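# Working through the structure, step by step
What follows is the residue order along each chain.
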Amino acid sequence: MIIAAVMPLPALASCFICDEVVELDATSAACFTTEAEAYLTAAKSSERKIAEVDLSQCAGGSVDATRGLDSFTKLPSPDGAAPVASQARMVYMLDQQSITCLSRILSEAAPEFNPTAVIDLVEDCD
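### Looking at helix α2 (residues 26–45)
The terminal C-alpha atoms of α2 lie 28 Å apart, and with 20 residues this matches the ideal 28 Å at 1.5 Å per residue to within 8%. Along α2, the sharpest change in direction is near 60 degrees and occurs at E35. All buried positions along α2 are accounted for by S28, A29, C31, F32, A36, Y39, L40 and A43. Check the buried side of α2 and you find it contacts β1 (21–24), β2 (50–54), β3 (91–95) and α3 (96–109). Its side-chain oxygen at 3.2 Å from the backbone nitrogen of T27, D25 defines the N-terminal cap of α2.

### Things to note about the confidence of the model for the protein chain
A residue-level look at the protein chain finds 64% of positions with pLDDT of 70 or above and a mean pLDDT of 75. Across residues 1–12, where pLDDT falls below 50, the model places 6 contacts with residues more than four positions away in sequence or in other chains. Confidence drops under a pLDDT of 50 for residues 61–73, and excluding neighbours within four residues, the segment shows 15 contacts in the predicted structure.

### Things to note about the packing of α2 against α3
For the pair α2 and α3, the least separation of the axes is 9 Å and the interaxial angle reads 155 degrees. The angle between α2 and α3 falls in the class roughly antiparallel. The chirality of how α2 crosses α3 is left-handed. Contacts between α2 and α3 involve A29, F32, T33, A36, Y39, L40, A43 and K44 on the former and, on the latter, Q96, I99, T100, L102, S103 and L106.

### Focus on α3
The terminal C-alpha atoms of α3 lie 20 Å apart, and with 14 residues this matches the ideal 20 Å at 1.5 Å per residue to within 8%. Listed as buried for α3 are S98, I99, C101, L102, I105 and L106. Along the axis of α3, the buried residues cluster in a sector spanning 165 degrees; they form a single face. Elements in contact with the buried residues of α3: β1, α2, β2, β3, β4 (117–120) and α4 (121–124).

What counts and how
Residues numbered from 1 in each chain as written. Predicted model: local features only at pLDDT ≥ 70, side-chain atom pairs only at ≥ 80, totals over all residues. Heavy atoms only, no water. Helix = DSSP H or I, 4+ residues; strand = E, 2+ residues; numbered from the N terminus. Expected span 1.5 Å × (residues − 1). Bend = angle between axes of the 7 residues up to and from the residue. Buried < 20%, exposed > 50% of the residue type's maximum accessible area, 1.4 Å probe, protein only. Contact = heavy atoms within 4.5 Å. Polar contact = N/O pair within 3.5 Å; in protein donor to acceptor, adjacent residues only side chain to side chain. pLDDT = per-residue confidence, 0-100. Axes fitted to C-alpha atoms, helices over the stretch in contact; angles between N-to-C directions. Parallel < 35°, antiparallel > 145°, perpendicular 65-115°, else oblique. Left-handed = near helix turned anticlockwise from the far one by under 90°. Arc of directions from axis to C-beta.

Printed below as a string of structure tokens:
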């Protein structure tokens with residue numbers, strides 16, 4: 001039926017480039033909370049209703065903030081030295097609903113925020 005073809009898709013299905021999982025430490029969570037309104041405004045004003053959430057400014061710009069494939073797991077060097085720990089990803093693509101939900105989750109968890117939180121925006125933002 002033609003009517004079924006024009007019915008709206010669920011919110012996350014309409015954003016094929018949006019991230020579904022966000023990993024935050026205490027610094028990036030505080031930064032997101034501070035800048036959440038700006039991210040939401042950017043998403044509302046964009047054509048696709050999404051915004052780039054760049055948390056690298058919170059780390060003083062020292063973190064590689066490029067999007068794309070994450071680095072492969074670091075293997076030990078031939079001399080047996082331990083691999084260098086990878087930096088957390090600092091740039092995400094989020095839609096309005098995800099920005100609002102992440103803000104709510106962080107404000108509810110503020111006093112006892114887990115410093116290595118992994119937030120699944122699909123499961124946690126029903």
